[in-house]
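Structure at a glance
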Amino acid sequence: MKRTAIFVGSFDPFHEGHKSIVNRALSLFDHVVIGIGVNPEKKYMFTVDERIERIKQCLPDEERITVEAYEVLTIDFANRHGASYIIKGVRNAEDFVYEQKQAQWNKEHGGIETILLFAEPGLEDISSTKVRKQIRKDNC
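Calculation rules
Residues numbered from 1 in each chain as written. Predicted model: local features only at pLDDT ≥ 70, side-chain atom pairs only at ≥ 80, totals over all residues. Heavy atoms only, no water. Helix = DSSP H or I, 4+ residues; strand = E, 2+ residues; numbered from the N terminus. Pairing = 2+ DSSP bridges. Right-handed = clockwise from strand over helix to strand, strands pointing away. Buried < 20%, exposed > 50% of the residue type's maximum accessible area, 1.4 Å probe, protein only. Axes fitted to C-alpha atoms, helices over the stretch in contact; angles between N-to-C directions. Contact = heavy atoms within 4.5 Å. Phe/Tyr/Trp six-rings, centres within 6.5 Å; stacked < 30°, edge-to-face > 60°. Lys NZ or Arg CZ within 6 Å of the ring centre and 35° of its normal. Patch = residues over 30% accessible without salt bridge, like charges linked within 9 Å, V, L, I, M, F, W, Y side chains within 5 Å. Areas by Shrake-Rupley, 256 points an atom, 1.4 Å probe, with all protein chains shown as cover. Salt bridge = Lys/Arg side-chain N within 4 Å of Asp/Glu carboxyl O.

Across the junction of Asp-12 and Pro-13, the peptide omega takes the value 5°, indicating a cis bond. Tracing the chain through its elements places Pro-13 in the loop between β1 (4–9) and α1 (16–26). Unlike most non-glycine residues, Asp-61 shows phi in positive territory, near 65°. Among the secondary structure elements, Asp-61 is positioned in the loop between α2 (48–58) and β3 (65–70).

In structure tokens form, the structure reads like this:
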């Protein structure tokens, strides 16, 4: 039976920390679906299509991933793909507390397990927010 997990986020933009989590998840699962969550109330730097393309550029020739956007609950997205697991990256204690609450909700309401992968040394300070700030700075 094929083991499928989802890795979800806004990925605005997708960066080395995200790539590390995907590569590590691929050592645990046969297939990883990267879900780009779309929140109509949130303002993004990059369009969904740009984010999808960036992810595909960062993970070329990887046939065990699928990348797509979604606007439903994460547990519904997981069920749509037959995924029993959600992969989340954790950089610090604050991330852990937030993800723990999310994991409990996803388990209670969707029966989906969450696997937390801690950031590799040297990547724990990378965030999409910091990357966006650097992009804005470089473009000025």
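Examined bridge by bridge, strand β2 (residues 31–37) and β3 share 6 bridges and lie parallel to one another. Directly across from Val-33, in β3, lies its bridge partner Thr-66. Where the polypeptide runs from β2 across α2 and back to β3, its parallel neighbour, the crossover connection is right-handed.

In this section: the pairing of β1. With 5 of 6 residues buried, β1 lies mostly within the body of the structure. As paired elements, β1 and β2 share 6 bridges and run parallel to each other. Counterpart to Ala-5 in the pairing with β2 is Val-32. One crossover worth recording links β1 to the parallel β2 by way of α1, and it is right-handed.

What follows concerns the sheet that holds strand β5 (residues 113–118). If you trace the 5 strands from one edge of the open sheet to the other, you get β3-β2-β1-β4-β5, paired in parallel fashion. Edge positions in the sheet fall to β3 and β5, since each of these pairs with one other strand and no more. Going from strand to strand, the sheet's axes swing by 30° on average, the running direction of each strand aside. Across the face of the sheet, α2 comes into contact with β2 and β3 while running at roughly 150° to β2. Packing of helix α4 (residues 93–110) onto the sheet brings it into contact with β4 (85–90) and β5, and relative to β5 it is tilted by some 165°.

This next bit is on the packing of aromatic side chains. For the structure shown, the criterion picks out 4 aromatic pairs. A centroid spacing of 5.1 Å and a plane angle of 55° characterise the contact between Phe-7 and Phe-11, whose relative ring orientation is tilted. Phe-11 matches Phe-7 in its accessibility class, with the two residues each being buried. Grouped by ring-pair contacts, the aromatic residues Phe-7, Phe-11 and Phe-14 constitute a single cluster. The ring of Tyr-44 carries Arg-51 above its face, with NZ or CZ at 4.1 Å from the centroid.

Attention shifts here to a nonpolar patch on the surface. Among the surface-exposed residues, Phe-96, Val-97 and Phe-118 lie close enough to one another that they form a single nonpolar patch of about 270 Å² accessible area. As for its placement among the helices and strands, Val-97 is situated in helix α4. Here Val-97 falls in the partly exposed class, since its relative accessible area comes to 41%.

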